[in-house]
Amino acid sequence: MTTNMQASTGGCQCGAVRFRVAGPLGDASICHCRMCQKATGGLFGPYVNAPRDAVTWTRGQPAHFQSSNKVRRGFCRNCGTPLTFEYGESISFAIGAMDEPRSIELKEQLASPERIADFDAWTKLPEHPVDEPKAAAYLAQIVSFQHPDFDTDDWSPRA
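Note that the structure is predicted; figures quoted are calculated from it, not measured.

Conventions adopted
Residues numbered from 1 in each chain as written. Predicted model: local features only at pLDDT ≥ 70, side-chain atom pairs only at ≥ 80, totals over all residues. Heavy atoms only, no water. Core = buried A, V, L, I, M, F, W, Y, C linked by side-chain atoms within 4.5 Å. Buried < 20%, exposed > 50% of the residue type's maximum accessible area, 1.4 Å probe, protein only. Contact = heavy atoms within 4.5 Å. Salt bridge = Lys/Arg side-chain N within 4 Å of Asp/Glu carboxyl O. Helix = DSSP H or I, 4+ residues; strand = E, 2+ residues; numbered from the N terminus. Patch = residues over 30% accessible without salt bridge, like charges linked within 9 Å, V, L, I, M, F, W, Y side chains within 5 Å. Areas by Shrake-Rupley, 256 points an atom, 1.4 Å probe, with all protein chains shown as cover. Polar contact = N/O pair within 3.5 Å; in protein donor to acceptor, adjacent residues only side chain to side chain. Disulfide = S-S within 2.5 Å.

Engineer: Would you take a moment to explain the nonpolar core for this structure?
Structural biologist: Note that soluble globular proteins tend to have their nonpolar side chains buried in a common cluster. Among the nonpolar cores identified, the biggest contains 23 residues, and Val21, Leu25, Val48, Phe93, Met98 and Ile104 are the most heavily contacted of them. For Ile104, the contacting residues outside a window of four places in its chain are Leu25, Ala28, Val48, Ile95 and Met98.

Engineer: Whenever I open this one, the pattern of salt bridges confuses me. Can you help?
Structural biologist: Close approach of charged atoms lets side chains of opposite charge pair. Applying the stated criterion across every chain, the model contains 5 salt bridges. The salt bridge partner of Asp99 is Arg18, with a shortest N-O separation of 2.7 Å. One end of the pair, Asp99, is in the loop between strand E9 (90–94) and strand E10 (106–110); the other, Arg18, is in strand E2 (residues 18–21), and 81 residues separate them in sequence. Each of the two residues, Asp99 as well as Arg18, counts as buried. Its salt-bridge partner being Glu105, residue Lys107 comes within 3.7 Å of it at the nearest N-O pair. For Glu105, a relative accessible area of 53% puts it in the exposed group.

Engineer: Before we go on, may I ask you to explain a nonpolar patch on the surface in this structure?
Structural biologist: Judged by side-chain polarity, Leu43, Ile116, Trp122 and Leu125 come together as a nonpolar surface patch covering roughly 390 Å² of accessible area. Inspection of the secondary structure puts Leu43 in the loop between helix H1 (34–40) and strand E4 (45–50). Leu43 gets classed as partly exposed once you look at its relative accessible area, which sits at 34%.

Engineer: Would you explain the side chain of His32 in this entry?
Structural biologist: For His32, the position within the fold is in the loop between strand E3 (28–31) and H1. With relative accessibility at 0%, the residue His32 sits in the buried group. Reaching out from His32, the side chain makes a polar contact with the side chain of Gln109 at a distance of 2.7 Å. Leaving out residues up to four positions away in the same chain, His32 has contacts with Gln37, Leu43, Phe44, Gln109, Leu110, Ala111, Ser112, Glu114, Arg115 and Phe119.

Engineer: I would appreciate a short explanation of the state of the cysteines in the present structure.
Structural biologist: By definition, a disulfide is the covalent link that joins the sulfur atoms of two cysteine residues. Enumeration according to the criterion identifies 0 disulfides in this entry. Sulfur of Cys79: no disulfide; nearest cysteine sulfur belongs to Cys76 and is 3.7 Å away. Judged by its relative accessible area of 31%, Cys79 is partly exposed.

Shown next, in the form of structure tokens:
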């Protein structure tokens, strides 16, 4: 369960790495710097801070890449999911790796001059709800091998 009042959990897409944060999460932000863009493969890096001493790795351990002289980034060596942004004694988790990412409220944007997306334009783009016939037909064909958004005692995805 991911809330800012109790424990928060999360993990990678394949389920090989899982974590738990005891207690409240810190501030959440998105960073537009080029390093965060490349590390996530996305338009920005969305992260939420946590006290390092409140973190328990409940399954597996992340691999790390030292992306600068100050920051190392944790990821799953099996599926590649970005997991952490670690700076000194600080650890932040990729919001998309959290089990309940919608419960996390963003507080700020960093490195805004490097923004590559026009967020205002997003509100004007056409939307395709999942129950739209074409989308529903496509989604009905997909068999997910992704780990569920909760802890499991064992995880062996169907191949």
